[in-house]
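Secondary and tertiary structure notes
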Amino acid sequence: MRYGLTTGIVTAAVCVLLAWFALPVDKHYLAPLASLVALTLPLQHIRLAVQGVDHGRGYFYRLSSLRAAAAAFFPLLLLGMWLAGWSELRDVTWAFVGSCVAGLLLCQVGMRGSWFGPPQQSVLESLSENRGLAISQIAAELLDRADLFLIMFLGTLTDQGFYTSAIPIASTMIIVPNALALFSFRHGADPNTPLTAAGVTRFIALMFAGQIATGCLLAIVIPYAVPILYTQAFTGTVMFAWYLLPSGGLRGMLMTADGYLRGRGMPTPGIIGRIVALMILIGLTFALQPRMGIWSIPVALAAGQFVCLVIVFFAMYRQTQANSQNKV
């Protein structure tokens, strides 16, 4: 509770400041709604802290049904609102706030003990001990959100709408890797099960094959699924989704590979890789924009993700060499 409140309040304060002082002038009317969403961050951080403790102890399935219910609450609420004729942005924002509260309450129902009371370790000690993982996660999230900032500043509201609508479609590419990242972290944290060079090669080959197959399937389905899910008014989403599929596939592979390295206590390669990727994303976007326009953003994002993945894979091979030397 204290950990989630501490990190959540600090993050919420930063987001509120950005909402009022960093949004483009023509989108400044979104600042109040953005601030409202930011106020839910402490609730989300508490829920994620509880989930992190469970995953650290190996309780991957203890609260699965309640978490599934929490995840389904917002889309089901949106569906009900849409059927009732409520589709204004303000209504959707309040629905999201309500879903955050519901998610936290559902998480509390499944807890065996109280969230209140003295912690076993102080918040400052926890933050200090886990600063490497925290910096790695911040770098990952900044890279994952940077393209949205770029489309907000470089694109029109229509472009922004199509782009943000395409992101959930492309994010399908990370569903399985996101689950695998938990297990790869646990595998890396076990000192008795280090990967060999052959194991890393198999991992890379299987991930590439899986992501390519998933991407090809999605590319075929997207033109038919978008009009059904989003209506004909959102057909412009199709092209953005196609452009975002490569970066989605690379991001999924990166999550799984980085999970293993973080389990081995090596968050640095992921941090360095994401900083390099962020620089590539920003630099290549502005370099290609005169010729490609807003399409330079997903292209630059895929290029940055690829370079980051190469850095992480190289670190995994280096880790296998270190394991071999230690055995000798």
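Residues numbered from 1 in each chain as written. Predicted model: local features only at pLDDT ≥ 70, side-chain atom pairs only at ≥ 80, totals over all residues. Heavy atoms only, no water.

**Quick notes on the overall build of the protein**
Broken down by element type, the protein carries 13 helices and 0 strands. Its helices and strands taken in sequence order, the protein reads α-α-α-α-α-α-α-α-α-α-α-α-α from the N to the C terminus. Taking all 328 residues of the protein together, 38% fall into the buried category. Looking at the protein as shown, the accessible area adds up to about 18,100 Å², and 70% of this sits on carbon and sulfur atoms. (Helix = DSSP H or I, 4+ residues; strand = E, 2+ residues; numbered from the N terminus. Buried < 20%, exposed > 50% of the residue type's maximum accessible area, 1.4 Å probe, protein only. Areas by Shrake-Rupley, 256 points an atom, 1.4 Å probe, with all protein chains shown as cover.)

**Some thoughts on the environment of Tyr 29**
The topology assignment puts Tyr 29 in the loop between helix H1 (2–21) and helix H2 (31–38). Here the alpha-carbon distance between Tyr 29 and Ala 19, two residues 10 residues apart in the chain, equals 9.7 Å.

**So, the UniProt feature "transmembrane region" (unreviewed entry) in the protein**
Residues given the UniProt feature "transmembrane region" (unreviewed entry) here are residues 5–23, 66–86, 92–111, 161–183, 203–222, 228–245, 271–288 and 294–317. Helix makes up 83% of residues 161–183 and strand 0%. Its end C-alpha atoms lie 35 Å apart. This span, residues 203–222, is 100% helix and 0% strand, and a straight line between its end C-alpha atoms measures 28 Å. (UniProt positions renumbered as here; feature names shortened; annotations may be inferred.)

**Here's the deal with the packing of aromatic side chains**
Within the structure shown, the criterion is met by 7 aromatic pairs. Ring plane angle 85° and centroid distance 6.3 Å describe the contact between Phe 203 and Phe 313, whose orientation is recorded as edge-to-face. Taken together, the residues Phe 203 in helix H10 (residues 197–230) and Phe 313 in helix H13 (residues 296–327) connect sequence positions 110 residues apart. Each member of the pair Phe 203 and Phe 313 is classed as buried. (Phe/Tyr/Trp six-rings, centres within 6.5 Å; stacked < 30°, edge-to-face > 60°.)

**Details of unusual backbone geometry**
You will see that Thr 231, though not glycine, has its phi angle at about 75°, which is positive. Topologically, Thr 231 is positioned in the loop between H10 and helix H11 (237–263).

**What to know about the packing of H1 against H2**
Between H1 and H2, whose axes approach to 9 Å, the crossing angle comes to 175°. On the basis of the axis angle, H1 is roughly antiparallel to H2. Contact residues: Ala 12, Cys 15, Val 16, Ala 19 and Trp 20 in H1; Ala 31, Pro 32, Ala 34, Ser 35 and Ala 38 in H2. Among the residues forming the contact of H1 with H2, the class breakdown is 9 nonpolar, 1 polar and no charged. (Axes fitted to C-alpha atoms, helices over the stretch in contact; angles between N-to-C directions. Parallel < 35°, antiparallel > 145°, perpendicular 65-115°, else oblique. Contact = heavy atoms within 4.5 Å. Nonpolar A, V, L, I, M, F, W, Y, C, P; charged D, E, K, R; others polar.)

**Re the pattern of salt bridges**
In this structure the tally under the stated criterion is 4 salt bridges. Measuring nitrogen to oxygen at the nearest pair gives 3.6 Å for the salt bridge that ties Asp 258 to Arg 262. With Asp 258 and Arg 262 both in helix H11 and 4 residues apart, the pair spans about one turn of that helix. One continuous salt-bridge network, built from bridges that share partners, spans Asp 258, Arg 262 and Arg 274. (Salt bridge = Lys/Arg side-chain N within 4 Å of Asp/Glu carboxyl O.)

**Overview of a nonpolar patch on the surface**
On the surface, Leu 76, Leu 79, Trp 82 and Leu 83 cluster together to form a nonpolar patch covering roughly 500 Å² of accessible area. Of the residues examined, Trp 82 reaches a relative accessible area of 58% and is grouped as exposed. (Patch = residues over 30% accessible without salt bridge, like charges linked within 9 Å, V, L, I, M, F, W, Y side chains within 5 Å.)

**Brief notes about the nonpolar core**
In this structure, Tyr 163, Phe 203, Ile 222, Leu 281, Phe 313 and Met 316 are the most contacted members of the largest nonpolar core, which totals 41 residues. The element contributing the most residues to this core is H11, with 11 residues. Those residues in contact with Phe 313 that lie beyond four places of it in its chain are Phe 203, Ile 204, Phe 208, Met 253 and Ala 257. (Core = buried A, V, L, I, M, F, W, Y, C linked by side-chain atoms within 4.5 Å.)

**Brief notes about the side chain of Ser 247**
Positionally, Ser 247 belongs in helix H11. In terms of polar contacts, Ser 247 uses its side chain to reach the backbone carbonyl oxygen of Leu 244, at 2.9 Å. (Polar contact = N/O pair within 3.5 Å; in protein donor to acceptor, adjacent residues only side chain to side chain.)

**Let's talk about the packing of helix H8 (residues 157–170) against H10**
Taken N-terminus to C-terminus, the directions of H8 and H10 make an angle of 125°; their axes are 12 Å apart at the nearest point. Taken together, H8 and H10 sit at an angle that is classed as oblique. Relative to H10, H8 is oriented so that their crossing is right-handed. On H10, the residues touching Ser 165, Pro 168 and Ile 169 of H8 are Leu 218, Ile 222, Val 226 and Tyr 230. Residues of the contact of H8 with H10, tallied by class, amount to 6 nonpolar, 1 polar and no charged. (Left-handed = near helix turned anticlockwise from the far one by under 90°.)

**Considerations on H11**
Because the α-helix completes a turn every 3.6 residues, residues three or four places apart line up on one side. Over its 27 residues, H11 extends 37 Å from the first C-alpha to the last, a length consistent with the 39 Å expected when each residue adds 1.5 Å. Of all the bends in H11, the largest measures some 35° and sits at Leu 244, one to four residues before the proline Pro 246. Buried residues dominate H11, accounting for 21 of its 27 residues. Residue Gly 265 follows H11 closely and has a positive phi angle near 75°. (Expected span 1.5 Å × (residues − 1). Bend = angle between axes of the 7 residues up to and from the residue.)

**Here's the deal with the environment of Ala 134**
Within the secondary structure, Ala 134 is located in helix H7 (residues 131–154). In this structure the C-alpha to C-alpha distance between Ala 134 and Pro 267, which are 133 residues apart in sequence, comes to 9.1 Å.

**Description of the confidence of the model for the protein**
Confidence in the prediction for the protein averages 84 pLDDT; 89% of positions are at 70 or higher. Across the protein, element-level confidence peaks in H2 with a mean pLDDT of 93 and bottoms out in helix H6 (residues 123–129) with 72. (pLDDT = per-residue confidence, 0-100.)

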